Amino acid sequence: MGITSKVVSKLEELPPASSIAVNVNVNTYFDVLRALVDVFATRHDLYVFYISSTMPSKSIENLFEILGIDSSRVFFVDTISHLMRSTTELSDRFLYIESPTMLENIILKVEYLTRKYRDKKSIVILDSVNSLSIYNGTKILSEFLHIFVTSLRTWESYMVIVAMKEQNTPEIEAMLNLVCDEIYNATGGEE
Amino acid sequence: MVDGSRERCKTGIAGMDSILDGGIPRGNTVLITGSCGTGKTTLSLEFLVHGAIMGERSMYISVTEVPEKLLENMIDYEFFDKKLIDEKKLIFVDLQEIYVKLGLEKLEFTLEDINILVEQIVKMVKELGVERLVIDSITSICYRLTSKEEIREFILHLGKELSELGCTTLLVSELLPSAAGYSQYGVEEAIADGIILLGNLERRGDLLRTLQVIKMRGTTHSRAKYVMDLTSIGILIAPLLKGGSVEVT
(Lines give C-alpha, C1' and ligand atoms only; values in the text may rest on other atoms or scores of the structure.)
Protein backbone atom coordinates (compact mmCIF):
# COMPACT_ATOMS: atom_id res chain seq x y z
CA MET A 1 0.00 0.00 0.00
CA GLY A 2 1.40 3.46 -0.94
CA ILE A 3 1.68 6.40 1.43
CA THR A 4 -1.45 8.08 -0.03
CA SER A 5 -3.63 5.01 0.65
CA LYS A 6 -2.12 4.48 4.10
CA VAL A 7 -2.85 8.06 5.17
CA VAL A 8 -6.41 7.86 3.85
CA SER A 9 -6.95 4.55 5.69
CA LYS A 10 -5.60 6.07 8.90
CA LEU A 11 -7.93 9.07 8.64
CA GLU A 12 -10.89 6.80 7.95
CA GLU A 13 -10.22 4.94 11.20
CA LEU A 14 -10.72 8.19 13.12
CA PRO A 15 -14.08 9.57 14.19
CA PRO A 16 -15.07 13.04 12.86
CA ALA A 17 -13.69 16.03 14.77
CA SER A 18 -10.45 14.14 15.45
CA SER A 19 -7.06 15.77 15.40
CA ILE A 20 -4.02 14.04 13.98
CA ALA A 21 -0.41 15.06 13.46
CA VAL A 22 1.15 13.55 10.36
CA ASN A 23 4.94 13.37 10.24
CA VAL A 24 6.21 13.66 6.68
CA ASN A 25 9.54 14.03 4.91
CA VAL A 26 10.49 15.56 1.56
CA ASN A 27 9.76 12.28 -0.25
CA THR A 28 6.27 11.78 1.15
CA TYR A 29 5.07 15.39 1.53
CA PHE A 30 3.10 15.57 -1.74
CA ASP A 31 1.69 12.04 -1.39
CA VAL A 32 0.32 13.04 2.01
CA LEU A 33 -1.18 16.24 0.61
CA ARG A 34 -2.79 14.23 -2.18
CA ALA A 35 -4.24 11.87 0.43
CA LEU A 36 -5.71 14.75 2.44
CA VAL A 37 -6.80 17.26 -0.18
CA ASP A 38 -7.74 15.01 -3.06
CA VAL A 39 -8.69 11.51 -1.92
CA PHE A 40 -10.02 11.90 1.64
CA ALA A 41 -11.77 15.28 1.21
CA THR A 42 -13.37 14.21 -2.09
CA ARG A 43 -14.48 10.83 -0.78
CA HIS A 44 -16.13 12.40 2.26
CA ASP A 45 -17.29 15.55 0.46
CA LEU A 46 -15.43 17.91 2.79
CA TYR A 47 -14.24 21.45 2.34
CA VAL A 48 -10.50 21.83 2.83
CA PHE A 49 -9.34 24.81 4.87
CA TYR A 50 -5.63 24.89 4.20
CA ILE A 51 -3.40 26.99 6.46
CA SER A 52 -0.22 27.70 4.59
CA SER A 53 2.79 28.90 6.51
CA THR A 54 5.50 27.13 4.52
CA MET A 55 4.77 28.29 0.97
CA PRO A 56 2.50 31.02 -0.42
CA SER A 57 -0.97 29.70 -1.20
CA LYS A 58 -0.68 30.56 -4.89
CA SER A 59 2.44 28.37 -5.16
CA ILE A 60 0.64 25.51 -3.44
CA GLU A 61 -2.31 25.88 -5.78
CA ASN A 62 0.05 25.78 -8.77
CA LEU A 63 1.71 22.67 -7.39
CA PHE A 64 -1.67 21.00 -6.94
CA GLU A 65 -2.44 21.76 -10.56
CA ILE A 66 0.86 20.26 -11.75
CA LEU A 67 0.23 17.16 -9.62
CA GLY A 68 -3.32 16.84 -10.95
CA ILE A 69 -4.85 17.43 -7.50
CA ASP A 70 -8.33 18.95 -7.63
CA SER A 71 -8.18 22.12 -5.51
CA SER A 72 -11.69 23.41 -6.23
CA ARG A 73 -12.83 22.61 -2.67
CA VAL A 74 -9.73 24.18 -1.07
CA PHE A 75 -9.82 27.51 0.79
CA PHE A 76 -6.44 28.90 1.80
CA VAL A 77 -5.60 30.79 4.98
CA ASP A 78 -2.24 32.16 3.94
CA THR A 79 0.10 33.42 6.66
CA ILE A 80 3.19 33.88 4.53
CA SER A 81 2.39 35.76 1.29
CA HIS A 82 2.18 39.19 2.93
CA LEU A 83 5.51 38.63 4.61
CA MET A 84 7.14 37.54 1.34
CA ARG A 85 5.31 40.18 -0.72
CA SER A 86 3.96 37.46 -2.99
CA THR A 87 1.08 37.96 -5.39
CA THR A 88 -2.26 37.94 -3.60
CA GLU A 89 -5.83 37.42 -4.77
CA LEU A 90 -8.77 38.83 -2.85
CA SER A 91 -11.50 36.23 -2.54
CA ASP A 92 -12.81 33.81 0.06
CA ARG A 93 -10.60 31.13 -1.52
CA PHE A 94 -7.52 33.07 -0.49
CA LEU A 95 -7.59 34.73 2.92
CA TYR A 96 -4.42 36.44 4.05
CA ILE A 97 -2.92 37.07 7.45
CA GLU A 98 -0.20 39.69 7.73
CA SER A 99 2.23 37.45 9.56
CA PRO A 100 2.55 33.94 11.04
CA THR A 101 2.83 35.59 14.47
CA MET A 102 -0.86 36.57 14.35
CA LEU A 103 -1.98 33.16 15.51
CA GLU A 104 -5.37 34.33 16.77
CA ASN A 105 -6.18 35.54 13.28
CA ILE A 106 -5.66 32.00 11.97
CA ILE A 107 -8.38 30.82 14.37
CA LEU A 108 -10.62 33.73 13.29
CA LYS A 109 -10.17 33.13 9.55
CA VAL A 110 -10.93 29.42 9.94
CA GLU A 111 -13.97 30.30 12.06
CA TYR A 112 -15.08 32.68 9.29
CA LEU A 113 -14.83 29.90 6.70
CA THR A 114 -16.53 27.39 8.99
CA ARG A 115 -19.45 29.73 9.63
CA LYS A 116 -19.79 30.88 6.04
CA TYR A 117 -19.43 27.49 4.35
CA ARG A 118 -21.46 25.33 6.67
CA ASP A 119 -23.26 23.28 4.02
CA LYS A 120 -20.44 20.71 4.30
CA LYS A 121 -18.07 19.56 7.01
CA SER A 122 -14.42 20.40 6.67
CA ILE A 123 -10.90 19.18 7.12
CA VAL A 124 -8.42 21.76 8.36
CA ILE A 125 -4.80 21.26 7.33
CA LEU A 126 -2.03 23.14 9.10
CA ASP A 127 1.09 23.12 6.91
CA SER A 128 3.28 23.09 8.88
CA VAL A 129 3.84 23.26 12.62
CA ASN A 130 7.58 23.56 11.94
CA SER A 131 7.29 26.73 9.86
CA LEU A 132 4.98 28.29 12.47
CA SER A 133 7.61 27.45 15.10
CA ILE A 134 10.14 29.63 13.25
CA TYR A 135 8.04 32.71 14.05
CA ASN A 136 6.52 31.70 17.40
CA GLY A 137 7.88 30.38 20.67
CA THR A 138 6.87 26.91 21.82
CA LYS A 139 4.75 28.27 24.67
CA ILE A 140 2.48 30.47 22.54
CA LEU A 141 2.36 27.85 19.79
CA SER A 142 1.20 25.19 22.26
CA GLU A 143 -1.44 27.57 23.58
CA PHE A 144 -2.59 28.31 20.03
CA LEU A 145 -2.79 24.64 19.03
CA HIS A 146 -4.67 23.74 22.19
CA ILE A 147 -7.32 26.45 21.65
CA PHE A 148 -7.49 25.83 17.90
CA VAL A 149 -7.89 22.05 18.15
CA THR A 150 -10.54 22.47 20.86
CA SER A 151 -12.45 24.99 18.71
CA LEU A 152 -12.30 22.71 15.69
CA ARG A 153 -13.78 19.89 17.74
CA THR A 154 -16.80 22.03 18.56
CA TRP A 155 -17.11 22.91 14.86
CA GLU A 156 -16.88 19.15 14.08
CA SER A 157 -13.94 19.56 11.72
CA TYR A 158 -11.06 17.17 11.16
CA MET A 159 -7.71 18.68 12.03
CA VAL A 160 -4.47 17.54 10.42
CA ILE A 161 -1.21 19.07 11.54
CA VAL A 162 1.60 18.46 9.09
CA ALA A 163 5.04 18.10 10.71
CA MET A 164 8.37 17.70 8.89
CA LYS A 165 9.84 14.76 10.79
CA GLU A 166 13.48 15.80 10.36
CA GLN A 167 12.73 19.30 11.69
CA ASN A 168 10.78 18.19 14.76
CA THR A 169 12.39 19.21 18.02
CA PRO A 170 11.57 17.37 21.28
CA GLU A 171 9.42 20.42 22.20
CA ILE A 172 7.38 20.16 19.00
CA GLU A 173 6.90 16.42 19.50
CA ALA A 174 5.75 16.98 23.07
CA MET A 175 3.35 19.69 21.89
CA LEU A 176 1.83 17.46 19.19
CA ASN A 177 1.46 14.61 21.68
CA LEU A 178 -0.38 16.94 24.00
CA VAL A 179 -2.90 18.41 21.55
CA CYS A 180 -3.49 15.63 18.98
CA ASP A 181 -5.51 12.44 19.31
CA GLU A 182 -3.01 10.57 17.12
CA ILE A 183 0.49 10.95 15.71
CA TYR A 184 1.04 9.19 12.40
CA ASN A 185 4.40 8.64 10.73
CA ALA A 186 4.12 8.99 6.97
CA THR A 187 7.82 9.02 6.29
CA GLY A 188 7.96 5.93 4.14
CA GLY A 189 9.64 3.78 6.81
CA GLU A 190 7.92 1.97 9.65
CA GLU A 191 4.45 3.54 10.07
CA MET B 1 -34.25 35.81 30.98
CA VAL B 2 -31.46 34.13 32.94
CA ASP B 3 -32.87 32.82 36.27
CA GLY B 4 -32.98 35.54 38.92
CA SER B 5 -31.15 38.05 36.79
CA ARG B 6 -32.04 40.95 34.54
CA GLU B 7 -33.41 40.43 31.05
CA ARG B 8 -30.66 40.47 28.43
CA CYS B 9 -30.36 42.33 25.18
CA LYS B 10 -28.52 39.86 22.95
CA THR B 11 -25.85 41.55 20.85
CA GLY B 12 -26.04 38.78 18.23
CA ILE B 13 -22.27 39.18 17.77
CA ALA B 14 -20.54 35.78 17.69
CA GLY B 15 -18.90 35.13 21.06
CA MET B 16 -19.91 38.46 22.58
CA ASP B 17 -23.03 37.19 24.34
CA SER B 18 -21.01 34.41 25.99
CA ILE B 19 -18.51 37.01 27.24
CA LEU B 20 -21.47 38.96 28.70
CA ASP B 21 -23.15 35.85 30.15
CA GLY B 22 -26.15 36.15 27.86
CA GLY B 23 -25.98 39.72 26.58
CA ILE B 24 -26.15 43.31 27.80
CA PRO B 25 -28.64 43.74 30.67
CA ARG B 26 -31.60 45.47 29.04
CA GLY B 27 -31.73 49.21 29.66
CA ASN B 28 -28.01 49.56 30.31
CA THR B 29 -26.06 52.51 28.91
CA VAL B 30 -22.75 51.20 27.63
CA LEU B 31 -19.67 53.09 26.57
CA ILE B 32 -18.00 51.64 23.46
CA THR B 33 -14.59 53.18 23.73
CA GLY B 34 -11.35 53.05 21.78
CA SER B 35 -9.05 54.95 19.48
CA CYS B 36 -9.69 55.37 15.76
CA GLY B 37 -9.86 52.27 13.59
CA THR B 38 -10.55 49.88 16.43
CA GLY B 39 -14.04 48.88 15.22
CA LYS B 40 -16.37 50.97 17.44
CA THR B 41 -18.80 51.95 14.67
CA THR B 42 -18.75 48.46 13.15
CA LEU B 43 -19.57 46.83 16.48
CA SER B 44 -22.34 49.35 17.17
CA LEU B 45 -23.92 48.90 13.75
CA GLU B 46 -23.83 45.12 14.05
CA PHE B 47 -25.54 45.37 17.44
CA LEU B 48 -28.33 47.40 15.84
CA VAL B 49 -28.74 45.22 12.76
CA HIS B 50 -29.04 42.05 14.85
CA GLY B 51 -31.57 43.81 17.05
CA ALA B 52 -33.61 44.85 14.01
CA ILE B 53 -33.46 41.29 12.64
CA MET B 54 -34.75 40.05 16.02
CA GLY B 55 -37.68 42.48 15.71
CA GLU B 56 -36.39 45.21 18.04
CA ARG B 57 -36.62 48.69 16.58
CA SER B 58 -33.10 50.08 16.46
CA MET B 59 -31.89 53.65 15.98
CA TYR B 60 -28.50 55.06 15.08
CA ILE B 61 -27.85 58.72 15.82
CA SER B 62 -24.92 59.87 13.77
CA VAL B 63 -22.98 62.91 14.84
CA THR B 64 -19.94 62.78 12.61
CA GLU B 65 -20.91 60.84 9.48
CA VAL B 66 -23.88 61.23 7.18
CA PRO B 67 -26.21 58.18 7.25
CA GLU B 68 -25.82 57.62 3.48
CA LYS B 69 -22.10 56.96 3.89
CA LEU B 70 -22.72 54.54 6.77
CA LEU B 71 -25.29 52.69 4.70
CA GLU B 72 -22.80 52.26 1.87
CA ASN B 73 -20.46 50.48 4.29
CA MET B 74 -23.26 48.27 5.61
CA ILE B 75 -24.14 46.84 2.22
CA ASP B 76 -20.99 44.68 2.45
CA TYR B 77 -22.41 42.81 5.45
CA GLU B 78 -24.04 39.55 4.45
CA PHE B 79 -26.47 39.72 7.37
CA PHE B 80 -27.71 43.19 6.41
CA ASP B 81 -31.01 43.47 4.57
CA LYS B 82 -32.11 46.84 3.18
CA LYS B 83 -35.69 45.84 4.05
CA LEU B 84 -34.83 46.59 7.69
CA ILE B 85 -34.53 50.25 6.74
CA ASP B 86 -37.53 50.28 4.40
CA GLU B 87 -39.66 48.75 7.18
CA LYS B 88 -38.21 51.24 9.70
CA LYS B 89 -36.84 48.49 11.92
CA LEU B 90 -33.50 50.22 11.56
CA ILE B 91 -33.56 54.01 11.66
CA PHE B 92 -30.72 56.41 10.93
CA VAL B 93 -30.83 59.94 12.27
CA ASP B 94 -28.43 62.74 11.45
CA LEU B 95 -27.90 64.77 14.63
CA GLN B 96 -27.00 67.86 12.64
CA GLU B 97 -30.59 67.95 11.38
CA ILE B 98 -31.85 67.75 14.96
CA TYR B 99 -29.55 70.61 15.96
CA VAL B 100 -31.06 72.72 13.16
CA LYS B 101 -34.61 71.74 14.15
CA LEU B 102 -33.99 72.63 17.80
CA GLY B 103 -32.00 75.78 17.07
CA LEU B 104 -28.89 74.27 18.65
CA GLU B 105 -26.42 75.24 15.95
CA LYS B 106 -23.91 76.67 18.38
CA LEU B 107 -20.42 75.84 19.49
CA GLU B 108 -21.21 75.65 23.19
CA PHE B 109 -24.29 74.27 24.91
CA THR B 110 -25.84 75.57 28.11
CA LEU B 111 -27.52 73.27 30.65
CA GLU B 112 -30.84 74.26 29.13
CA ASP B 113 -29.62 73.24 25.65
CA ILE B 114 -28.53 69.87 27.02
CA ASN B 115 -31.96 69.27 28.50
CA ILE B 116 -33.62 70.20 25.20
CA LEU B 117 -31.37 67.73 23.35
CA VAL B 118 -31.93 64.91 25.85
CA GLU B 119 -35.70 65.47 25.75
CA GLN B 120 -35.67 65.32 21.94
CA ILE B 121 -33.72 62.03 21.91
CA VAL B 122 -36.00 60.55 24.57
CA LYS B 123 -39.07 61.72 22.64
CA MET B 124 -37.87 59.95 19.48
CA VAL B 125 -37.11 56.76 21.42
CA LYS B 126 -40.54 56.84 23.06
CA GLU B 127 -42.57 57.70 19.98
CA LEU B 128 -40.83 55.21 17.70
CA GLY B 129 -40.62 52.46 20.32
CA VAL B 130 -36.84 52.20 20.01
CA GLU B 131 -35.33 49.33 22.01
CA ARG B 132 -31.71 49.73 20.88
CA LEU B 133 -29.96 53.04 20.45
CA VAL B 134 -26.46 54.02 19.35
CA ILE B 135 -25.06 57.54 19.60
CA ASP B 136 -21.91 57.85 17.51
CA SER B 137 -20.15 59.61 19.00
CA ILE B 138 -20.90 60.91 22.47
CA THR B 139 -17.47 62.57 22.41
CA SER B 140 -18.57 64.85 19.55
CA ILE B 141 -21.57 66.01 21.59
CA CYS B 142 -19.41 66.49 24.67
CA TYR B 143 -17.13 68.85 22.69
CA ARG B 144 -19.93 71.39 22.94
CA LEU B 145 -20.24 71.06 26.70
CA THR B 146 -18.11 73.43 28.69
CA SER B 147 -17.49 71.55 31.93
CA LYS B 148 -17.24 68.06 33.36
CA GLU B 149 -20.37 68.82 35.38
CA GLU B 150 -22.31 69.41 32.18
CA ILE B 151 -21.00 66.19 30.63
CA ARG B 152 -21.96 64.34 33.79
CA GLU B 153 -25.44 65.91 33.81
CA PHE B 154 -25.96 65.12 30.11
CA ILE B 155 -24.99 61.43 30.31
CA LEU B 156 -26.75 60.87 33.66
CA HIS B 157 -29.97 62.49 32.44
CA LEU B 158 -29.90 60.65 29.10
CA GLY B 159 -29.02 57.27 30.63
CA LYS B 160 -31.72 57.52 33.30
CA GLU B 161 -34.49 58.43 30.85
CA LEU B 162 -33.51 55.74 28.33
CA SER B 163 -33.14 53.10 31.01
CA GLU B 164 -36.65 53.85 32.26
CA LEU B 165 -37.87 53.22 28.72
CA GLY B 166 -36.01 49.88 28.63
CA CYS B 167 -33.82 51.11 25.79
CA THR B 168 -30.34 49.59 25.66
CA THR B 169 -27.90 52.29 24.57
CA LEU B 170 -24.38 52.23 23.20
CA LEU B 171 -22.47 55.50 23.47
CA VAL B 172 -19.49 55.53 21.14
CA SER B 173 -16.55 57.23 22.80
CA GLU B 174 -13.43 58.32 20.97
CA LEU B 175 -10.22 57.78 22.86
CA LEU B 176 -6.77 59.13 22.05
CA PRO B 177 -4.27 56.25 21.72
CA SER B 178 -2.15 57.75 24.50
CA ALA B 179 -5.08 58.47 26.85
CA ALA B 180 -5.21 57.08 30.35
CA GLY B 181 -8.64 55.81 31.48
CA TYR B 182 -11.53 54.81 29.26
CA SER B 183 -12.97 58.11 28.05
CA GLN B 184 -11.80 61.47 26.81
CA TYR B 185 -13.23 63.52 29.67
CA GLY B 186 -12.93 60.92 32.41
CA VAL B 187 -16.58 61.45 33.37
CA GLU B 188 -18.35 59.21 30.84
CA GLU B 189 -16.74 56.01 32.15
CA ALA B 190 -17.86 56.60 35.72
CA ILE B 191 -21.50 57.14 34.80
CA ALA B 192 -22.00 54.42 32.16
CA ASP B 193 -23.37 51.04 33.25
CA GLY B 194 -20.84 49.29 31.08
CA ILE B 195 -17.56 49.85 29.30
CA ILE B 196 -16.41 47.85 26.29
CA LEU B 197 -12.86 48.78 25.38
CA LEU B 198 -11.60 48.23 21.84
CA GLY B 199 -7.92 48.56 21.15
CA ASN B 200 -4.80 47.53 19.29
CA LEU B 201 -2.18 45.17 20.57
CA GLU B 202 1.23 44.82 19.03
CA ARG B 203 2.95 41.50 18.55
CA ARG B 204 6.36 41.72 16.95
CA GLY B 205 5.36 44.67 14.79
CA ASP B 206 1.89 43.37 13.85
CA LEU B 207 -1.32 44.89 15.19
CA LEU B 208 -4.16 42.79 16.56
CA ARG B 209 -7.60 44.31 17.19
CA THR B 210 -8.74 43.61 20.74
CA LEU B 211 -11.96 43.72 22.75
CA GLN B 212 -12.35 43.72 26.53
CA VAL B 213 -15.40 44.20 28.72
CA ILE B 214 -14.14 46.39 31.56
CA LYS B 215 -17.43 46.63 33.42
CA MET B 216 -21.08 45.73 32.90
CA ARG B 217 -23.58 46.29 35.67
CA GLY B 218 -26.20 43.58 36.09
CA THR B 219 -24.23 40.63 34.79
CA THR B 220 -21.19 38.56 35.57
CA HIS B 221 -18.88 38.80 32.59
CA SER B 222 -15.46 37.87 31.35
CA ARG B 223 -12.84 40.56 31.89
CA ALA B 224 -10.31 38.86 29.63
CA LYS B 225 -8.95 40.44 26.49
CA TYR B 226 -10.05 38.96 23.15
CA VAL B 227 -8.85 39.35 19.58
CA MET B 228 -11.40 40.57 17.09
CA ASP B 229 -11.76 40.33 13.32
CA LEU B 230 -14.16 42.43 11.25
CA THR B 231 -15.57 40.20 8.51
CA SER B 232 -18.42 40.31 6.01
CA ILE B 233 -20.38 37.90 8.23
CA GLY B 234 -19.84 40.14 11.24
CA ILE B 235 -17.38 40.50 14.08
CA LEU B 236 -15.62 37.32 15.17
CA ILE B 237 -13.86 36.96 18.51
CA ALA B 238 -11.09 34.61 19.68
CA PRO B 239 -9.25 34.42 23.00
CA LEU B 240 -6.01 36.41 23.14
CA LEU B 241 -2.99 34.15 23.45
CA LYS B 242 -1.10 35.16 26.54
CA GLY B 243 2.51 35.28 25.36
CA GLY B 244 4.44 38.04 23.64
CA SER B 245 2.14 41.06 23.13
CA VAL B 246 2.43 44.67 24.27
CA GLU B 247 -0.21 47.37 24.47
CA VAL B 248 0.04 50.08 21.80
CA THR B 249 0.31 53.57 23.21
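This one's a predicted model, so the numbers in the text were calculated from it and none came from an experiment.

(A) Spotlight on the side chain of Ser122(A). Among the structural elements, Ser122(A) can be located in strand β5 (residues 122–127). A polar contact of 2.9 Å, which involves the side chain of Ser122(A), links it to the side chain of Ser157(A).

(B) Representation of the packing of aromatic side chains. Residue and element names in this part refer to chain A. By the definition in use, this model includes 14 aromatic pairs over all chains. Here Tyr-50 and Phe-76 contribute two aromatic rings whose centre-to-centre distance is 5.5 Å and whose plane-to-plane angle is 55°, an arrangement assigned as tilted. Of this pair, Tyr-50 sits in strand β2 (residues 47–52) while Phe-76 is found in strand β3 (residues 74–78), placing the two residues 26 residues apart along the sequence. Phe-76 shares its class with Tyr-50; the two are buried. Their ring planes at 20° and their centres at 5.3 Å tell us that Phe-144 and Phe-148 sit as a pair that is stacked.

(C) Geometry of the interface of chain B and chain A. Tallying the contact residues gives 21 residues for chain B and 21 residues for chain A. Across the interface of chain B and chain A, roughly 1,700 Å² is buried in total on both sides, 64% from carbon and sulfur atoms. Among the residues of chain B in contact with chain A, Asp206(B), Leu236(B) and Leu241(B) are the three that bury the most area, contributing 30% of the side total. Put simply, chain B and chain A have 3 salt bridges between them. The tally of links from chain B across to chain A stands at 10 residue pairs in polar contact (both at pLDDT 80 or more). When contributions to the side of chain B that touches chain A are tallied by element, the ones reaching two or more residues are β9 (206–216), β10 (225–231) and β11 (234–239) of chain B. Of the residues assigned to the side of chain B that touches chain A, the class counts are 12 nonpolar, 3 polar and 6 charged.

(D) Structural detail: unusual backbone geometry. The omega torsion across Asp127(A) and Ser128(A) is 0°, close enough to zero to call that bond cis. Its location among the elements puts Ser128(A) in the loop between β5 and α6 (129–135). In this structure, the amide linkage connecting Asp136(B) to the following residue, Ser137(B), adopts the cis form with an omega of 5°. Even without being glycine, Asp45(A) reaches a positive phi, approximately 50°. Position of Asp45(A) relative to the elements: it lies in the loop between α2 (29–43) and β2. In this structure, Asp21(B) takes a positive phi of about 55° despite not being glycine.

(E) Molecular detail of the nonpolar core. In this structure, Phe144(A), Phe148(A) and Ile161(A) are the most contacted members of the largest nonpolar core, which totals 44 residues. Apart from residues no more than four positions distant in its own chain, Ile161(A) is found in contact with Ile20(A), Ala21(A), Val22(A), Leu126(A), Val129(A), Leu145(A), Leu176(A), Val179(A) and Cys180(A). The next biggest cluster of nonpolar side chains, apart from the first, holds 40 residues, and it includes Met59(B), Ile98(B), Cys142(B) and Ile191(B).

(F) Summary view of the confidence of the model for chain B. All names here are of chain B. On average, residues of chain B score 91 in pLDDT, and 96% of them are at 70 or above. No element of chain B has a lower mean pLDDT than strand β12 (residues 246–247), which averages 51, and none a higher one than strand β2 (residues 24–25), which averages 98. Across the interface, the model reports ipTM at 0.90; the global pTM reads 0.91.

(G) Structural context of the pattern of salt bridges. Under the defined criterion, the tally for this structure stands at 22 salt bridges over all chains. A salt bridge links Lys10(A) to Glu13(A), with the nearest nitrogen and oxygen atoms 3.2 Å apart. Of this pair, Lys10(A) and Glu13(A) both sit in helix α1 (residues 3–13), 3 residues apart, which is roughly one turn of that helix. A salt bridge links Lys160(B) to Glu164(B); the shortest N-O distance between them is 3.2 Å. Of this pair, Lys160(B) and Glu164(B) both sit in helix α8 (residues 148–164), 4 residues apart, which is roughly one turn of that helix. Neither residue differs from the other here; Lys160(B) and Glu164(B) are each classed as exposed. Salt bridges linked by common partners bring Glu7(B), Arg26(B), Glu56(B) and Arg132(B) together as one network.

(H) Here's a closer look at the environment of Ser52(A). All names here are of chain A. Along the chain, the position of Ser-52 falls in strand β2. For Ser-52, a relative accessible area of 0% corresponds to the buried category. Separated by 27 residues in sequence, Ser-52 and Thr-79 have C-alpha atoms that sit 6.1 Å apart. Contacts of Ser-52, omitting those with residues within four sequence positions, involve Ser-57, Ile-60, Val-77, Asp-78, Thr-79, Ile-80 and Asp-127.

Conventions we followed
Residues numbered from 1 in each chain as written. Chains lettered and ligands numbered in written order. Predicted model: local features only at pLDDT ≥ 70, side-chain atom pairs only at ≥ 80, totals over all residues. Heavy atoms only, no water. Helix = DSSP H or I, 4+ residues; strand = E, 2+ residues; numbered from the N terminus. Polar contact = N/O pair within 3.5 Å; in protein donor to acceptor, adjacent residues only side chain to side chain. Phe/Tyr/Trp six-rings, centres within 6.5 Å; stacked < 30°, edge-to-face > 60°. Buried < 20%, exposed > 50% of the residue type's maximum accessible area, 1.4 Å probe, protein only. Contact = heavy atoms within 4.5 Å. Buried area = accessible area lost by both parts, 1.4 Å probe. Salt bridge = Lys/Arg side-chain N within 4 Å of Asp/Glu carboxyl O. Nonpolar A, V, L, I, M, F, W, Y, C, P; charged D, E, K, R; others polar. Core = buried A, V, L, I, M, F, W, Y, C linked by side-chain atoms within 4.5 Å. pLDDT = per-residue confidence, 0-100.

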